[in-house]
Amino acid sequence: MDTNSTSSSIIVRSYQPSDLSACHALFTEGHRGYNNPMSYINSHLQGDMADIEKNYLQIPGGHWWVAVSTDDNRIVGQVAVLPMHLGDSEYYSRAPEEERDQTCELLRMGVKHDVQRLGVGKKLISTLINFARENGYRQVHVTTLTCMDKANAFYQRNGFVKGHIQKKSLSNTPENTNDENKLVNNQPTDTIFEVDAIISDEEQRLMKLPVIQSKFIYIQHYHLPI
């Protein structure tokens, strides 16, 4: 399939209320593809994604876009942005004070499997970066899981710089919990692997496994100066 023709048949527009079920399905598809726990998926579907208008479009400096195929009017991608104090409050508290409010958080990035590597994600990222610049941001921060190899490759192809890796334990988390705080916050102290850290072979092996196998969440941080 020709990349240029595919990209030209995609329009990126702001989220509309009628898009909700398609956005939920796209998010679920992406994370189930990596065998991420349903508790992790549901925590977002029932959290910030339960009311995208309120939690994104009505937030100053926040927004949500969908990529739509003009061939069949199908939503094939999505991406969102929030000020970092809302998008990743933990990272915000650790960031240098002079950077905190000049950094936005890229969230809920996803592209349907059948149109990946065809320019859809690049179009979404470009839209987000333009918005970020217009709203006074100077940097974009994003996280993904180390086991999500396609996502990591995508961010690196699009100029994002690798930051530290954050390890969170899942050992004490009930499998059926829908509480995101229980899932990622109510845990033993995180382990941080800085960019230049020497990581053991066993740790690297675990980083490549799905969360349900490794019993840990390994969060890869990225940033992009704009």
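- The protein goes by N-acetyltransferase domain-containing protein in an unreviewed UniProt entry, where it is assigned to Adineta steineri.

### Points about the nonpolar core
Then step 1. In terms of nonpolar packing, the biggest core is built from 35 residues, with L106, V120, Y155 and F160 touching the most fellow members.
Then step 2. Among the secondary structure elements, those contributing two or more residues to this core are β2 (63-69), β3 (74-83), β4 (103-111), α8 (120-134), β5 (139-145), α9 (149-157) and β8 (216-225).
Then step 3. With seven residues, α8 is the single largest residue contributor to this core.
Then step 4. Not counting residues within four places of it along the chain, the set of residues in contact with F160 comprises L106, I125, V140, V142, Y155, Y222, H223 and L224.

### Some thoughts on the packing of helix α2 (residues 20-32) against helix α3 (residues 38-45)
Then step 1. Between α2 and α3, the shortest axis-to-axis distance is 10 Å and the interhelical angle comes to 160°. When the axis of α2 is compared with that of α3, the two are roughly antiparallel. Handedness of the α2/α3 crossing: right-handed. Facing H24, F27, T28, H31 and R32 of α2, the residues of α3 in contact are M38, Y40, I41, H44 and L45.
Then step 2. Residue composition of the contact of α2 with α3, grouped by class: five nonpolar, four polar and one charged.

### Overview of the environment of S9
Then step 1. Inspection of the secondary structure assignment puts S9 in the loop between α1 (3-8) and β1 (10-14).
Then step 2. Using a relative accessible area of 11% as the deciding quantity, one classes S9 as buried.
Then step 3. Remark: the alpha-carbon pair of S9 and S69, spanning 60 residues in sequence, is separated by 5.8 Å.
Then step 4. Those residues in contact with S9 that lie beyond four places of it in its chain are V68, S69, T70 and D71.

### Concerning the packing of aromatic side chains
Then step 1. A full pass over the atoms with the stated rule returns seven aromatic pairs.
Then step 2. Ring geometry for W65 and F131: centres 5.2 Å apart, planes at 80°, overall edge-to-face. With W65 in strand β2 and F131 in helix α8, this residue pair connects regions lying 66 residues apart in the sequence. Both residues of the pair, W65 and F131, belong to the buried class.
Then step 3. On the numbers, 5.3 Å between centres and 70° between planes, the contact of Y155 with F160 is edge-to-face. The exposure classification of Y155 matches that of F160, with both residues buried.
Then step 4. Here a set of aromatic residues connected by ring pairs shows up, and it is made of F154, Y155, F160 and Y222.
Then step 5. Lying over the aromatic face of Y92, R100 brings its terminal NZ or CZ to 5.6 Å of the ring centre.
Then step 6. Sitting above the plane of the F216 ring, K167 keeps its charged end 4.1 Å from the centroid.

### Details of the sheet that holds β1
Paired through their backbone hydrogen bonds, the strands of a sheet run either parallel or antiparallel.
Then step 1. A sheet is described by the order of its strands in space; here eight strands give the open sequence β1-β2-β3-β4-β5-β8-β6-β7, paired in mixed fashion. Edge strands, defined here as strands with exactly one partner in the open sheet, are β1 and β7 (191-193). Strand after strand, the sheet turns through a mean of 25° between neighbouring axes, direction not considered.
Then step 2. Pairing of β2 with β3, which is carried by seven bridges, proceeds in the antiparallel orientation. For W64, the partnering residue across the bridge sits in β3 and is A80.
Then step 3. Seen against the sheet, helix α11 (residues 201-208) touches β6 (161-169), β7 and β8 and runs at an angle of roughly 85° to β8.

Reading the values: rules and limits
Residues numbered from 1 in each chain as written. Predicted model: local features only at pLDDT ≥ 70, side-chain atom pairs only at ≥ 80, totals over all residues. Heavy atoms only, no water. Core = buried A, V, L, I, M, F, W, Y, C linked by side-chain atoms within 4.5 Å. Buried < 20%, exposed > 50% of the residue type's maximum accessible area, 1.4 Å probe, protein only. Helix = DSSP H or I, 4+ residues; strand = E, 2+ residues; numbered from the N terminus. Contact = heavy atoms within 4.5 Å. Axes fitted to C-alpha atoms, helices over the stretch in contact; angles between N-to-C directions. Parallel < 35°, antiparallel > 145°, perpendicular 65-115°, else oblique. Left-handed = near helix turned anticlockwise from the far one by under 90°. Nonpolar A, V, L, I, M, F, W, Y, C, P; charged D, E, K, R; others polar. Phe/Tyr/Trp six-rings, centres within 6.5 Å; stacked < 30°, edge-to-face > 60°. Lys NZ or Arg CZ within 6 Å of the ring centre and 35° of its normal. Pairing = 2+ DSSP bridges.

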